[in-house]
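Summary of the model geometry
These are the residues of each chain, in order.
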Amino acid sequence: MALTAIKGFNDILPGEVEKWQHIEMTARRVFSLYGFDEIRVPIMEKTELFARSIGDVTDIVEKEMYSFTDKGDNRVTLRPEGTAGVMRSLIENKLYAADSVNKLYYMGPMFRYERPQKGRYRQFHQIGAEITGVADPKVDAQVLTMLRHLFAELGIHEPTLEINSLGCPDCRPAYRELLKDFLRGKLSDLCDDCRRRFDTNPLRALDCKAAGCKEATAGAPAMLDHLCTPCDEHFAAVKRFLESVGTEYRLNSRMVRGLDYYTRTTFELVTGLLGSQSAVAAGGRYDGLIADLGGPSLPGIGFAMGVERLALLLEGDKFRVTPDLFIVALDEESQGVAFKVMCDLQRHGVSVEIDYEGKSMKSQMRRADKLSCRFTLIIGETERAAGTAPLKEMATGRQVDVALDAVPIKEALGI
Ligand code: ATP
Ligand code: MG
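Since the model is a prediction, treat every value here as computed from it, not as a measurement. Position numbers for residues count from 1 along each chain, tracking the sequence in the order it is written. Lettering of chains starts at A and numbering of ligands starts at 1, both following the order in which they are written. Side-chain atom pairs in this predicted model are given and counted only at pLDDT of 80 or more, local residue features only at pLDDT of at least 70, and totals for whole chains, interfaces and linings cover all residues. Water and hydrogen atoms play no part in the side-chain values, which are based on all heavy atoms of the structure.

1. Some points on the overall build of the protein chain
Helix and strand assignments follow DSSP, with helices taken as H or I runs no shorter than four residues and strands as E runs no shorter than two, numbered in order from the N terminus. Regarding its fold elements, the protein chain presents 16 helices and 16 strands. The principal-axis extents of the C-alpha atoms in the protein chain amount to approximately 90 × 55 × 45 Å. When a residue's accessible area, from a 1.4 Å probe over protein chains only, is under 20% of the maximum for its type it is buried; when over 50% it is exposed; and in between it is partly exposed. Counting across all 415 residues of the protein chain, residues that qualify as buried make up 50%. Across the protein chain, the fraction of contacts at a sequence separation of at least 24, relative to all contacts at a separation of at least 6, is 70%. Counting only carbon and sulfur atoms, one obtains 51% of the accessible surface of the protein chain, whose full area is about 20,300 Å². Residues counted as positive are Lys and Arg, residues counted as negative are Asp and Glu, and His and the chain ends are not counted. To locate a charge, take NZ of a lysine, CZ of an arginine, CG of an aspartate or CD of a glutamate. The protein chain carries 54 positive and 60 negative side-chain charges, and their two centres are separated by 3 Å. Two residues form a contact once any of their heavy atoms are found within 4.5 Å. The method behind every accessible area is Shrake-Rupley, applied with a 1.4 Å probe, and residues are considered shielded solely by the protein chains displayed.

If you want it as structure tokens, here you go:
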């Protein structure tokens, strides 16, 4: 049997990986501009951490987790998302004691047992950021504004920012009952999942993609109309601050999010370009999570972006780095000179390729072209004798003679 990768687990190959590097480097740059520090937490945690934070009656915990018992009889899980581990670490290392506000970002693989399709995999990657310690609505607006800024820097302008408020433990229970009353007569129209979750997590029916659920929930009461006064004021302030800095958004009162820990502001960046995998980034406030996990009572807010989906939105191969120079050598002795000049140039920060197989001039030129080298330098017997060689800019055909030494060549390349 041929050895292949596990279904839903992908290789990220050269040609594609440059997009990932662009996404990661841009995210690091923007996060650092907004005062975030990187945190690296394990990719495996005790199963209980996810059950307690994400919630028992969620798709993730009910059916998507990679959980197993290790050789020491411990129940462990490959992380399905990043926030739980980061909050576990914040509590365990008392990061909140050193500074009342913590701004942290992370990036790395996540694991969910889902049905693989375009934009949905079993090992996927997230880049996420979290701010803990402040409940102020300006922080919500700041996080959303940073997210839009990051997308603009990435060169992805299409997605729409949708926001909602899920209320808090004071107002959500009453709304849940209201929604249940509304849905009770339509239970037979709901999909199996939503019917099963009717008692424990009825809100999920609001953003369920099944046609019956969409129809049954049309005209359902909206959380936004039933927020308690503090939640209502908070949400109004978030919108006001977003508007004050020109961060565009759209209200989506049906957005529920698939994790139990969210309170108040929730949001998604959605695109029409990826079929049903429409969310490229998502997040929200989680004011009760840190206390639920045994930490102090601290509010928090954060988001995660799916790197695979971002990469799908980035067109073309413009992120590929191409060599500066290809040195063509016409005989064996020239190959030695080309090798030496190449090594000198590389030590001077110039990226250079040569041929190692004694190929013809024509075939070396073809390879220079294939690699999209910006310049070629041709060395033969005459050039060795003269100590200079023709340097040609591929795009323009312009040619100059340069001394066969790293410094003058580097200068001629304009590097
Ligand atoms: P969806 O509704 O598409 O299942 P989700 O609500 O489960 O998304 P989150 O848990 O909020 O997603 O994760 C944040 C982001 O991570 C998503 O917006 C998406 O870009 C990405 N993501 C989530 N699950 C996957 C997956 N299985 N494969 C690839 N990317 C994913
Ligand atoms: Mg999901």
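2. Describing unusual backbone geometry
For Arg257, which is not a glycine, the phi torsion comes out positive at approximately 75°. Within the secondary structure, Arg257 is located in the loop between β8 (250-251) and β9 (263-270). On the basis of relative accessibility, which here comes to 13%, the residue Arg257 falls in the buried class. A positive phi angle is found at Arg264, which is not glycine, with a value near 50°. Position of Arg264 relative to the elements: it lies in strand β9.

3. Description of the packing of helix α6 (residues 137-154) against helix α10 (residues 229-244)
Where helices are involved, their axes are fitted lines through C-alpha atoms of the stretch in contact, as for all axes, and angles between N-to-C directions lie from 0 to 180°. With their axes 8 Å apart at the nearest point, α6 and α10 run at an angle of 45° to one another. Viewed along their axes, α6 and α10 adopt a mutual orientation that is oblique. In the packing of α6 onto α10, the handedness of the crossing is right-handed. On α10, the residues that touch Pro137, Lys138, Asp140, Ala141, Leu144 and Thr145 of α6 are His234, Ala237, Val238, Phe241 and Leu242. Looking at the contact of α6 with α10, its residues break down into 7 nonpolar, 2 polar and 2 charged. An angle below 35 degrees is treated as roughly parallel, one above 145 as roughly antiparallel, one from 65 to 115 as roughly perpendicular, and anything else as oblique. Left-handed describes a crossing whose near helix is turned anticlockwise from the far helix through less than a right angle; right-handed describes the clockwise counterpart. Residue polarity follows a fixed list, in which Ala, Val, Leu, Ile, Met, Phe, Trp, Tyr, Cys and Pro are nonpolar, Asp, Glu, Lys and Arg are charged, and the others, Gly among them, are polar.

4. Let's talk about the sheet that holds strand β15 (residues 388-393)
DSSP-based pairing: two strands are paired if at least 2 bridges between them are found. Taken in spatial order, the 5 strands make up an open sheet running β13-β12-β14-β15-β16, and their pairing is mixed. Every other strand in the sheet has two partners, leaving β13 (352-354) and β16 (399-403) as the edge strands with one partner each. Each neighbouring strand pair of the sheet contributes to a mean axis angle of 25°, computed without reference to strand direction. As paired elements, strand β14 (residues 375-379) and β15 share 3 bridges and run antiparallel to each other. Its bridge partner lying in β15, Phe375 is registered against Glu393.

5. Thoughts on the pairing of strand β5 (residues 102-111)
Each regular strand shows side chains that alternate between the opposite faces of the sheet. Buried residues dominate β5, accounting for 8 of its 10 residues. Of the pairings in the sheet, the one linking β5 to strand β6 (residues 123-132) comprises 10 bridges and is antiparallel in character. Across the sheet, residue Met110 finds its bridge partner in β6, namely Phe124.

6. Quick look at the packing of helix α1 (residues 17-33) against α6
Running from N to C, α1 and α6 cross one another at 140°; their axes reach a closest spacing of 10 Å. One element, α1, and the other, α6, form an angle in the oblique class. Taken as a pair, α1 and α6 cross one another with a handedness that is right-handed. Contacts from His22, Ile23, Thr26, Ala27, Arg29, Val30, Phe31 and Leu33 of α1 reach α6 at Met146, His149, Leu150, Glu153 and Leu154. Here the contact of α1 with α6 is composed, by residue class, of 8 nonpolar, 3 polar and 2 charged.

7. Re the packing of aromatic side chains
Aromatic rings from Phe, Tyr and Trp, with only the six-membered ring used for Trp, were paired whenever their centres fell within 6.5 Å, and each pair was classed as stacked if the ring planes differed by under 30 degrees, edge-to-face if by over 60, and tilted otherwise. Considering all chains together, one arrives at 8 aromatic pairs under this definition. Seen in terms of ring centroids, Phe31 and Phe303 are 6.3 Å apart; in terms of plane orientation they differ by 50°. Their pairing is tilted. Here the residue Phe31 occupies a position in helix α1, and Phe303 occupies one in strand β11 (residues 300-306), the gap between them amounting to 272 residues. On the basis of relative accessible area, Phe303 is assigned to the buried category, the value being 2%. Between Tyr261 and Tyr262, the ring centres sit 5.0 Å apart and the planes meet at 65°, which makes this aromatic pair edge-to-face. Of the aromatic side chains, those joined through ring pairs into one cluster are Phe9, Tyr66, Phe111 and Tyr113. Above the face of the Tyr113 ring, Arg122 is positioned so that its terminal group lies 3.8 Å from the ring centre. Put simply, a charge is over a ring when the Lys NZ or the Arg CZ is close to the ring centre, within 6 Å, and near the line of the ring normal, within 35 degrees.

8. Side note on the side chain of Arg172
Locating Arg172 in the fold gives a position in helix α7 (residues 172-184). Only one rule defines a salt bridge in this text: a Lys or Arg side-chain nitrogen within 4 Å of an Asp or Glu carboxyl oxygen. Buried within the structure, Arg172 lacks any salt-bridge partner; Asp260 is the closest side chain of opposite charge, at an N-O distance of 6.4 Å.

9. Regarding the pairing of strand β12 (residues 325-329)
When you tally the buried positions in β12, you get 5 out of 5 residues, the bulk of the element. Of the two faces of β12, the one lined by Leu325, Ile327 and Ala329 and the one lined by Phe326 and Val328 are each fully buried. Where β12 and β13 come together, 3 bridges link them in parallel fashion. Following the sheet pairing, Phe326 is matched in β13 by Glu353. Viewed with both strands pointing away, a crossover whose connecting path from the first strand over the helix to the second turns clockwise is right-handed. Regarding the hand of the β-α-β motif, the stretch spanning β12, helix α13 (residues 332-347) and β13 is right-handed. Pairing geometry for β12 and β14, over 5 bridges, is parallel.

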